[in-house]
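Survey of secondary and tertiary structure
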Amino acid sequence: ATDTSNNIKETSITVTYTPPTVNHDPIGNVDGADSVHVTGWAYDQDAGSNPINVHIYIDNNPVANIIANVSRPDLVSAGVAPDPNHGFDYTFTGLSVGTHTVDVYAINAPEGVNPLLAGSPKTIVIPDTTLPTISISSPTNNQIFTSPSITASGAASDNVALSKVEVKLNSGNFQTATGATNWSMPLTLVSGTNTITARATDTSNNIKETSITVTYT
């Protein structure tokens, strides 16, 4: 301040301006998914070199919360992240046979929107590799007949669904039996030893066979 006699007085204070913190959404990608696992990467620049978590959903249900800390040197060479430890590789467990949808979300650091990663959703197919079961309940192994006309019967099952049950006698062709879970087939034996073979096929074309030997005298 200056008065009319040109006397001057000054005073000062110090203030600080802190700009608002900018929260960056994480980025990443689901690189691939198959019946075994899902892989990809996720990075949040707000976390620096620290890896972030990803949440994995299957058929819209949460199944895993994992840390994306698998080494991915390609992220560094591409200029995406300052260090490589931002990949993920999650192995599926306990999925039922059939088609499933996989989504992966990156968890924002320290908070904010958790975006669905690019490349989501992925569709995976869990194959049916379980063989059906089949048994011959009649006749019994090594049974002896004095009449050539018999009926073979038995049971079959599968973890998903049966397609058919077939029966053959000796070196003949397989013929479709009546029924599946409980099946039967009329047969005409030849003189001497006869081999009866039954096979079950499921809807994934998995096949299981069983055989017995009978004798016609």
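A brief look at the structure comes next.

Quick word on the side chain of N108
Inspection of the secondary structure puts N108 in the loop between β7 (98–106) and β8 (122–126). The class of N108 is buried, set by a relative accessible area of 4%. From its side chain, N108 meets the backbone oxygen of V113 in a polar contact 2.8 Å long. Discounting chain neighbours no more than four positions away, the residues touching N108 are N23, H24, D25, P26, D44, V113 and N114.

Section: the sheet that holds strand β16 (residues 207–216)
Pairing is mixed across the open sheet formed by five strands, whose spatial order is β10-β16-β15-β12-β13. The open sheet has two free edges, formed respectively by β10 (144–145) and β13 (175–176), since each of these has just one partner strand. Relative to β13, strand β12 (residues 162–169) runs antiparallel, the two sharing two bridges. Looking across to β13, one finds that E166 is bridged to T176.

Points about the packing of aromatic side chains
Counted under the stated rule, the structure contains two aromatic pairs. On the numbers, 5.4 Å between centres and 70° between planes, the contact of Y57 with Y105 is edge-to-face. Highlighted residues: Y57 in strand β3 (residues 53–58) and Y105 in strand β7, separated in sequence by 48 residues. We classify Y57 as partly exposed; its relative accessible area is 26%. Taking the centre distance of 6.0 Å and the plane angle of 80° together, the rings of Y90 and F92 count as edge-to-face. The exposure classification of Y90 matches that of F92, with both residues buried.

A few points about unusual backbone geometry
Cis geometry marks the peptide bond from A109 to P110, where omega comes out at 0°. As for its placement among the helices and strands, P110 is situated in the loop between β7 and β8. Here the residue pair S138 and P139 is connected by a cis peptide bond, since its omega of 0° sits within 30 degrees of zero. Here P139 shows up in the loop between β9 (133–138) and β10. Of note, the phi angle at D59 is positive, near 55°, even though the residue is not glycine.

Observations concerning the sheet that holds β9
Pairing is antiparallel in the open sheet, where three strands are placed in the order β9-β11-β14. The open sheet has two edge strands with one neighbour each: β9 and β14 (182–188). For this sheet the average axis-to-axis angle between neighbouring strands, irrespective of direction, equals 30°. Pairing between β9 and strand β11 (residues 149–157): five bridges, direction antiparallel. If you follow S138 over to β11, its bridge partner there is S153.

Some thoughts on the environment of A156
Relative to the assigned elements, A156 resides in strand β11. Accessibility expressed as a relative area gives 6% for A156, which makes it buried. Beyond its immediate sequence surroundings of up to four residues, A156 is in contact with T133, I134, L162, V165, A180, T181, W183 and A200.

Looking at the pattern of salt bridges
Using the criterion set out here, one finds four salt bridges in the structure. Taking the shortest distance from any N to any O, the salt bridge between D74 and R72 comes out at 2.8 Å. A residue is classified by how much of its surface remains accessible, and D74, at 36% relative accessible area, is partly exposed. R72 sits in the buried class, given a relative accessible area of 17%.

Parameters and conventions
- Residues numbered from 1 in each chain as written.
- Predicted model: local features only at pLDDT ≥ 70, side-chain atom pairs only at ≥ 80, totals over all residues.
- Heavy atoms only, no water.
- Helix = DSSP H or I, 4+ residues; strand = E, 2+ residues; numbered from the N terminus.
- Buried < 20%, exposed > 50% of the residue type's maximum accessible area, 1.4 Å probe, protein only.
- Polar contact = N/O pair within 3.5 Å; in protein donor to acceptor, adjacent residues only side chain to side chain.
- Contact = heavy atoms within 4.5 Å.
- Pairing = 2+ DSSP bridges.
- Phe/Tyr/Trp six-rings, centres within 6.5 Å; stacked < 30°, edge-to-face > 60°.
- Axes fitted to C-alpha atoms, helices over the stretch in contact; angles between N-to-C directions.
- Salt bridge = Lys/Arg side-chain N within 4 Å of Asp/Glu carboxyl O.

Keep in mind that these numbers describe shape and distance, not what the molecule does.
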